[in-house]
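Letter by letter, the chains look like this.
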Amino acid sequence: MRLPRSSHPMLWPIFWPALLQPHPSSLGGLIESFSLSNSVYATGPCWAIWLAQVATDSRCRMKPLWLLIIPVLALAGCGPSEKSLTLFEDATESSGLAAYEGMTHGVAWGDYDGDGRPDLYVTNHLKPAMLFRNLGAGRFENVTALVLGENNTGGDKHGAAWADFNNDGKLDLVQLTGAIKGVGVEPKRLYLNEGGKLVERAVQLGVDNPPGRTRMPLWLDIDLDGKLDLFQGAEARFDTLTPPFLFTQHAGRFVDMTASLPLESRSAPFCIVTALNDDRFPEVVCRLMGKGRPNQIFDTRSQPAHTLDLLPKTAFDDIAAGDFDNDGKMDLFLARKNPGGRIALAQNGEKTVTAQLELKPQDAGKPTGFRFKSKGVVGFTIAGQHEGELAPSDIRFGNRSAIPGALVFELGPDSAPGMPQAPANARQAVLIGNPESGVWQIEMVLRPEAFAGKKAARNLAVRIHSTMPVEGVESLDGAATDETAPQRLFMNRDGKLVDESEKRGVNMRPVAAANTVAGDFDNDMDLDIFVLGSGDAGKTENLFLLNDGKGNFNVVRQAGGASGSLFGVGDSVTSADVDGDGCLDLLTASGASMGRNLGLPSDNGRYQLFRNLCNNGNHWLMIDLVGTKSNRDGIGARVTVTAGGITQTRIQDGGVHERGQNHSRLHFGLGNNLRAERVFVQWPSGSTQEISNSDANKLILIKETP
């Protein structure tokens, strides 16, 4: 498989001079279909519409020049309309979040100090976690030492989430961890907010769950008793032990109530809370892993919750629930990617390539590798997944089988002619050479004894950086696979989920989707979708899908200004209004470091903050909920806002999705409306509340009537 280059619409400018000069009489038709400012590439579903107008004469005969151009256009593809709209700018440098580089595992937004601004907790996986206080105006201060103090911020940390689980008016924080090598123990952490400090109390409260190989937490009130319960998403251990998933609150402590959520798999890394029908009992949508079904939806109106057969056997990497067509019913967008093959490739810029090789025992003896072209001096960084797995003596280059002095080295153009042979007694070998001038080839060979009788895969990562452009990157023998996958949009039709993905336009541009978030990013009264793009070996361009107001989506060029850097491997995207201007901002993390991503591919991951420019003049309304009979966070509440004849619906879900927690404050765009005529809240307790004529551009607090 050859690594894909830039998306095909970028080819159009090459042909514009040829298109315009031969037949000036067709210029009007061409301009009608193509903006000369390069803002829109095509307005119809296919270039065939305008081709019929400009490629033929008045007698419908093909113009000679077009006989040459049409084959090239066919190769370019029949692409979607891409809108030119700049919504975001990269504000990372000025935010105080730019210094970190390395592995990540999601983030959690929450106002821990009660000043009305969302603060940021980042887990950083195997590196120390950090807490950033929001200073306002999009600036953050690292307060980890001040607030977390002597707490352990290291370990194998995965997802985290804020919630006021004890209903004292202050947000607490749960931090999940793994289980050492899938068979060990590591206590989970529950930090209570006490006097401005976060104090770890998981053991006392009964949620330390040491054997749990946990991934992403979810706060929910599954029994609607007004107290939040805790779901600890987890993958199956490598032994027969199955630790608990669900803990409910009783008498000030948490107790194991996994039986209330009868999962059909030992692996359920994350779930979300939403509402797929009109009652007050929330639905829980879970991703499952293993040989059985890839998803499970629970209706919590009964205990134990019963399974709803609403989704087909569709795997996904993340999920965003929202009312995308403003019909009052929650729909589901499933972000998806295909797994890489034996080798995953990522071009991290014009001169840089990252390759990740994953070999299983059945691949023993089969050379797996890739090749590329470059005329420059090439720097190689080669690493096993764990320290000590690879040594310079395992590497050979050129037909003389030379050995580098370290795992990081440089080779000049054509300085390793031919391909070396793996030593006869070597358990593993990395072979580098120039099979022809200007071409580099890298292979990895593992003999059966390299696996030491174990079933676990062996991983190798290679990063290439050249002084000249790198081109023609491709795997050998089809070892790489296409990681892009169709995204899925299931629309809620009277409680049934109907796949309308193609009809709604969410697959106009293929993407390997690592994570996603929905929100009204342009405040025009409908939910848009942002997708974090990434393959297994490295980031790809992000995707922004703009809602047309009817639940149909258009691709926005360069993700509206948030296309993102290509450093690291895509991990998570979350939303929060960080500067209080009423427009949702985005934070991406690119240090994904689970499974084959761990090590070299993610070692240059980072956080990027994209500030919403908020420049279209649209109005907004934001809502904080405070439950009294219901849980204080209002998780599970349904809120509708009516303005200008349009009613929008949100579910207070706590902001949790895979590897991330959006700020849980509810956000509504109001378009050009100066007020919301009606705000209606259906609380988890069953009580309802209505507010009339709320002025736009304000944050309002709604406290449940006791």
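Rules and cut-offs
- Residues numbered from 1 in each chain as written.
- Predicted model: local features only at pLDDT ≥ 70, side-chain atom pairs only at ≥ 80, totals over all residues.
- Heavy atoms only, no water.
- Buried < 20%, exposed > 50% of the residue type's maximum accessible area, 1.4 Å probe, protein only.
- Helix = DSSP H or I, 4+ residues; strand = E, 2+ residues; numbered from the N terminus.
- Pairing = 2+ DSSP bridges.
- Disulfide = S-S within 2.5 Å.
- Phe/Tyr/Trp six-rings, centres within 6.5 Å; stacked < 30°, edge-to-face > 60°.
- Salt bridge = Lys/Arg side-chain N within 4 Å of Asp/Glu carboxyl O.
- Polar contact = N/O pair within 3.5 Å; in protein donor to acceptor, adjacent residues only side chain to side chain.
- Contact = heavy atoms within 4.5 Å.
- Axes fitted to C-alpha atoms, helices over the stretch in contact; angles between N-to-C directions.
- Core = buried A, V, L, I, M, F, W, Y, C linked by side-chain atoms within 4.5 Å.
- Domains from an automatic or database assignment.

Observations regarding the pairing of strand β11 (residues 214-220)
When a strand is regular, its side chains alternate between the sheet's two faces. For β11, a buried count of seven out of seven residues is recorded, marking the element as mostly surrounded by other parts of the structure. Where β11 meets strand β12 (residues 229-234), five bridges bridge the pair, whose relative direction is antiparallel. Across the sheet, L220 pairs through a bridge with D229, a residue of β12.

Digging into the state of the cysteines
Note: disulfide means a covalent bond formed between the sulfur atoms of two cysteine side chains. Overall, the coordinates contain two disulfides when judged by the stated rule. Here C271 connects covalently by a disulfide to C286, the sulfurs 2.0 Å from one another. Between C271 and C286 the sulfur-sulfur dihedral comes to about 105°; the bridge is accordingly right-handed. Within this pair, whereas C271 is found in strand β15 (residues 267-274), its partner C286 is found in strand β16 (residues 283-289), the two being separated by 15 residues in sequence. Each member of the pair, C271 as well as C286, carries the same accessibility label: buried. Shown here is the disulfide that connects C583 with C614, its sulfur atoms set 1.9 Å apart. Its S-S torsion of approximately 60° makes the covalent link between C583 and C614 right-handed. Placement of C583 in the loop between β37 (572-576) and β38 (585-589) and of C614 in the loop between β39 (607-612) and β40 (619-626) is noted, with a sequence separation of 31 residues between them. Overall, the relative accessible area of 26% leaves C614 in the partly exposed class.

Considerations on the packing of aromatic side chains
Tallied over the entire structure, the rule returns 17 aromatic pairs. Taken together, a centroid distance of 5.7 Å and an interplanar angle of 5° make the contact between F165 and W219 stacked. Of this pair, F165 sits in the loop between β7 (157-163) and β8 (172-177) while W219 sits in strand β11, placing them 54 residues apart in sequence. Assigned by exposure class, F165 and W219 land together as buried. One aromatic cluster in this structure is built from F88, F521, F530 and F544.

A closer look at the pattern of salt bridges
Scanning the model with the defined rule gives 33 salt bridges in all. E89 serves as the salt-bridge partner of R611, at 2.8 Å between the closest nitrogen and oxygen. With R611 in strand β39 and E89 in strand β2 (residues 88-90), this residue pair connects regions lying 522 residues apart in the sequence. Between R493 and D325 there is a salt bridge; the shortest N-O distance is 3.0 Å.

What to know about the sheet that holds strand β34 (residues 528-533)
Pairing is mixed across the open sheet formed by five strands, whose spatial order is β1-β36-β35-β34-β33. Looking at the sheet topology across the chains shown, the edges are occupied by β1 (82-83) and β33 (513-519). One ladder, built from three bridges, connects β34 with strand β35 (residues 543-547); its direction is antiparallel. By the bridge assignment for β35, V531 is matched with L543.

As for the side chain of N542
Here N542 is to be found in the loop between β34 and β35. A distance of 3.0 Å separates the side chain of N542 from the backbone oxygen of A562, its partner in a polar contact. Setting aside its immediate chain neighbours within four residues, N542 contacts R509, F530, V531, L532, G533, A559, A562, S563, G564 and T588.

A word on the side chain of R215
As for its placement among the helices and strands, R215 is situated in strand β11. By relative accessible area, which is 7% here, R215 ends up buried. Not counting residues within four places of it along the chain, the set of residues in contact with R215 comprises H105, H158, G159, L176, G178, G233, A234, E235, P269 and M594.

Here's the deal with the environment of E500
Within the element layout of this structure, E500 appears in the loop between β32 (496-499) and α8 (501-504). Expressed as a C-alpha distance, the spacing of E500 and L489, which sit 11 residues apart in the sequence, is 5.8 Å. Once you skip the residues sitting within four places of it in the chain, E500 turns out to touch L489, M491 and R493. Within polar-contact distance, the side chain of E500 engages the side chain of R493 at 3.2 Å. In this structure the side chain of E500 is engaged in a polar contact, spanning 2.9 Å, whose partner is the side chain of R504.

Here we look at the environment of A275
Its place among the elements puts A275 in the loop between β15 and β16. Look at A275 and you get buried, because its relative accessible area is 8%. Through-space distance from the C-alpha of A275 to that of K329 is 8.0 Å; in sequence the pair is 54 residues apart. Not counting residues up to four positions away in its chain, the partners in contact with A275 are E283, M330, R638 and I651.

Looking at the sheet that holds strand β9 (residues 189-194)
Pairing is antiparallel across the open sheet formed by four strands, whose spatial order is β7-β8-β9-β10. If you trace the sheet from one side to the other, it starts and ends with β7 and β10 (197-200), each paired once. Adjacent strand axes in the sheet meet at a mean angle of 25°, parallel and antiparallel pairs treated alike. Judged from the four bridges that link them, β9 and β10 form a sheet pairing that is antiparallel. Counted as the bridge partner of N193 is L198 from β10.

Details of the nonpolar core
Ranked by size, the top nonpolar core spans 52 residues in total, and within it L190, W219, F231 and F254 carry the most contacts. Ranked by the residues each element gives to this core, the list is headed by β15, at five residues. Mapping this core onto the domain boundaries places at least three of its residues in each of domain 1 (88-338 + 482-612) and domain 3 (619-703). Residue contacts for F231: discarding those within four places in its chain leaves M216, P217, L218, L220, F245, L246, L261, L263, A268 and C271.

Section: the environment of R342
Examined against the element boundaries, R342 turns out to sit in the loop between β20 (331-335) and β21 (343-347). Of the residues examined, R342 reaches a relative accessible area of 24% and is grouped as partly exposed. Distance in space between the C-alpha atoms of R342 and Q356 is 8.3 Å, their sequence separation being 14 residues. Apart from residues no more than four positions distant in its own chain, R342 is found in contact with Q356, L357, E358, L359, D363, T368, D477, A479 and R596.

Notes on unusual backbone geometry
Each neighbour pair has its own omega, and for Q303 with P304 the value is 0°, a cis peptide bond. Its place among the elements puts P304 in the loop between β17 (295-299) and β18 (306-308). For Q558, which is not glycine, the phi dihedral falls at a positive 50°. Looking at where Q558 falls in the secondary structure, it is placed in the loop between β36 (553-556) and β37.

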